[in-house]
Number of protein chains: 2
Amino acid sequence: MSTLTKKSTEMQNNILIVEDDMAIREMMAFSLRREGFDTFKAASGHEALEQLNQVNPDLIVIDWGLPDMSGIDLIDMIRRDEVIREVPIIMLTARAEESDKVKGLERGADDYLTKPASMLELMARIRAHLRRSQGFEANHQIEYKGIVMDADAHEVSVDGELLSLSLTEYKLLKLFLQNPNKLLARDHILNHIWGRNTFVEDRTVDVHILRLRKALKKHNKEKWIQTVRGVGYKLINQ
Amino acid sequence: MSTLTKKSTEMQNNILIVEDDMAIREMMAFSLRREGFDTFKAASGHEALEQLNQVNPDLIVIDWGLPDMSGIDLIDMIRRDEVIREVPIIMLTARAEESDKVKGLERGADDYLTKPASMLELMARIRAHLRRSQGFEANHQIEYKGIVMDADAHEVSVDGELLSLSLTEYKLLKLFLQNPNKLLARDHILNHIWGRNTFVEDRTVDVHILRLRKALKKHNKEKWIQTVRGVGYKLINQ
DNA sequence: CAAAAATGTAACCAATCTGTCATAATGATT
DNA sequence: AATCATTATGACAGATTGGTTACATTTTTG
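In this text, all values refer to a predicted model and were calculated from it rather than measured experimentally.

Caption draft 1: Just the protein's contact with DNA strand C, in detail. Close contacts around DNA strand C come from 24 residues, with Ser166(A), Thr168(B), Trp194(B), His208(B) and Arg211(B) the closest. Of all atoms in DNA strand C that approach within 4 Å of the protein, 62% are sugar or phosphate atoms. In the model, a phosphate oxygen of DNA strand C is placed 2.9 Å from a nitrogen or oxygen of the Thr168(A) side chain. In this structure, a phosphate oxygen belonging to DNA strand C sits 2.7 Å away from a side-chain N or O atom of Thr204(B). Elements represented by at least two residues in the surface near DNA strand C include exactly helix H6 (167-178) and helix H8 (202-217) of chain A together with helix H6 (167-178) and helix H8 (202-217) of chain B.

Caption draft 2: Summary view of the environment of Thr93(B). All names here are of chain B. Here Thr-93 lies in strand S4 (residues 89-93). Along the primary structure Thr-93 and Asp-63 are separated by 30 residues, whereas in three dimensions their C-alpha atoms are 5.8 Å apart. With residues up to four places along the chain from it excluded, the contact list for Thr-93 reads Asp-63, Trp-64, Tyr-112, Leu-113, Thr-114 and Lys-115.

Caption draft 3: Focus on the packing of helix H7 (residues 186-194) of chain B against H8(B). Residue and element names in this part refer to chain B. The interhelical angle for the contact between H7 and H8, taken along N-to-C directions, is 80°, at an axis separation of 10 Å. As summarised for this structure, H7 and H8 are arranged roughly perpendicular, according to the angle between their axes. Mapping the contact onto sequence places Arg-186, Ile-189, Leu-190 and Trp-194 in H7 and Asp-202, Arg-203, Thr-204, Val-205, Asp-206 and His-208 in H8. Considered class by class, the residues forming the contact of H7 with H8 number 4 nonpolar, 2 polar and 4 charged.

Caption draft 4: Quick peek at a negative patch on the surface. On the surface, a cluster of negative charge is made up of Glu82(A), Asp187(A), Glu201(A) and Asp202(A). Assignment of secondary structure puts Asp187(A) in helix H7 (residues 186-194).

Caption draft 5: Spotlight on the pattern of salt bridges. Summed over the entire model, instances satisfying the criterion amount to 29 salt bridges over all chains. A salt bridge links Asp206(A) to Arg203(A), with the shortest nitrogen-to-oxygen separation between them at 2.3 Å. In this pair, Asp206(A) and Arg203(A) are both assigned in helix H8, 3 residues apart and thus about one turn of the helix distant. Taking relative accessible area as the criterion, Asp206(A) reaches 17% and is therefore assigned buried. The partner of Glu121(B) in a salt bridge is Arg125(B), and the shortest N-O contact between them spans 2.9 Å. Of this pair, Glu121(B) and Arg125(B) both sit in helix H5 (residues 119-134), 4 residues apart, roughly one helical turn. Arg125(B) carries the same exposure label as Glu121(B), and that label is buried.

Caption draft 6: Region of the structure containing the sheet that holds strand S3 (residues 59-63) of chain A. Residue and element names in this part refer to chain A. Reading across the sheet, the 5 strands line up as S2-S1-S3-S4-S5 and stay open at both edges, with parallel pairing between neighbours. Strands with a single pairing partner mark the edges of an open sheet, and in this sheet they are strand S2 (38-42) and strand S5 (111-114). Taken pair by pair, the neighbouring strands of this sheet meet at an average axis angle of 20°, ignoring direction. Direction of pairing for strand S1 (residues 14-18) relative to S3: parallel, over a ladder of 4 bridges. Residue pairing for S3: Ile-15 is matched across the bridge by Leu-59. Against the sheet, helix H2 (residues 45-52) makes contact with S1, S2 and S3, and its axis sits at roughly 140° relative to S2, the strand it touches most. Of the strands in this sheet, S1, S3 and strand S4 (89-93) touch helix H3 (residues 71-80), which is tilted by about 155° from S3.

Caption draft 7: The arrangement of the side chain of Asp110(B) in detail. Mapped onto the elements, Asp110(B) comes out in the loop between helix H4 (98-106) and strand S5 (111-114). Here Asp110(B) falls in the buried class, since its relative accessible area comes to 4%. One polar contact links Asp110(B) to Arg79(B), side chain to side chain, over a distance of 2.9 Å. Not counting the four nearest positions on each side in its chain, Asp110(B) is found in contact with Ala128(A), Arg132(A), Arg79(B), Val87(B), Pro88(B), Ile89(B), Leu105(B) and His129(B).

The rules we used
- Residues numbered from 1 in each chain as written.
- Chains lettered and ligands numbered in written order.
- Predicted model: local features only at pLDDT ≥ 70, side-chain atom pairs only at ≥ 80, totals over all residues.
- Heavy atoms only, no water.
- Near = heavy atom within 4 Å.
- Polar contact = N/O pair within 3.5 Å; in protein donor to acceptor, adjacent residues only side chain to side chain.
- Helix = DSSP H or I, 4+ residues; strand = E, 2+ residues; numbered from the N terminus.
- Contact = heavy atoms within 4.5 Å.
- Axes fitted to C-alpha atoms, helices over the stretch in contact; angles between N-to-C directions.
- Parallel < 35°, antiparallel > 145°, perpendicular 65-115°, else oblique.
- Nonpolar A, V, L, I, M, F, W, Y, C, P; charged D, E, K, R; others polar.
- Patch = residues over 30% accessible without salt bridge, like charges linked within 9 Å, V, L, I, M, F, W, Y side chains within 5 Å.
- Areas by Shrake-Rupley, 256 points an atom, 1.4 Å probe, with all protein chains shown as cover.
- Salt bridge = Lys/Arg side-chain N within 4 Å of Asp/Glu carboxyl O.
- Lys, Arg positive; Asp, Glu negative; His and termini not counted.
- Charge placed at Lys NZ, Arg CZ, Asp CG, Glu CD.
- Buried < 20%, exposed > 50% of the residue type's maximum accessible area, 1.4 Å probe, protein only.
- Pairing = 2+ DSSP bridges.

Written as structure tokens, this is what we have:
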């Protein structure tokens, strides 16, 4: 699996820290690593965007005052990106002014802490957000009309029978199961499975769709993946 | 729809306030109602559980120190309940002690505020949580007199029956649905569907209108697209 | 290390979509 | 009613699109 699509279900959680003050940044990174997180660091908005082209963090901590752009602007850009849009964001600020707090939360941050922030509280809030964004169930199962995907076991079964899938097929099916009945455009699929900036052909998606269809066909679920000409594919019911 | 299953997509959000201090409770309720939320109140843990048997709130604000049980215990019970388990919870406390904060977050609260809490900040945090718990899944539908276009599924149905459309027809219909009862000039249509500088004939629009009309005809919606001689077309109500 | 599996591309074909034209139908104007 | 202007319709060819197979390359497995 490439670094690009690194996601967090079975592995450690990735946290991206965006903070220009080196001392604070390193201190946070240190604490987070000690707690078992994988950390990625950025000292500016642009560095952050660069990082986001290479990692899909599970949570982002953003300093309000960055040298090149405001934290708010960075949040805006993240929330507009199709792939990472939903990542939880914790804002960090030196000013205790309430208007900032409110502004940050209104504009897309999920949480807000005032510096000097207690590491303990930051950790607790990070864990609270991760807990929520990764679901409550201990064993992550997605189910849709007889197709059951067990993320922990990395297994898929159709009407009880195990389905043998390659990794790409698995990820593809997972994407479909997470968005049943929704049209997934080709480039959307590309972005989510291969990452934002890979040089994979459009047609490659088709081939993998074909392979996934074949796998489903063996279990009499032939017509589950519907083609929408000119746009993409859709997982449908029957 | 029964009160029990009241969920929040189309209607106001329900907020449950669990707080024993009447002054604070009423103040919060007042502010929340003014902001357009539906509020439900409980002065104790037991009252809260009673309320939860009747309403499914979209978010719960819980005071740390309740007369009959600790807020933490209440959270535990909520998180163990199959139905409401995932509701966002904001803890409220008079003590500023950090250990409480951390404990609350570790045990299942999603957020934590210290009293005296600023109403503005509480509102902002409530909205941030609601946005996350429901905002991302808004499904984009356009509806006009029995024609329902689901942008996520890329589907159109007429009186429940699915309509099969080519991409251009789909875009055309979308344009009409976005501007019902409005006259759409030919060049307006051209600009919106083919782009500003394409070399497509005016007459091409007619052909696609024809095709769209045919598709609608199959579902007894023959006369929906009206010709306005010399100008363009209009989507009308039968 | 050899064999098997997985992956990304290219190439071919079939289905479908699209734009244009010719002609018919309709409406407006005189 | 005759003429002109505009739109509807059907047919057609070329373009686009997606399904499929084959193959080279990489990765994994035994």
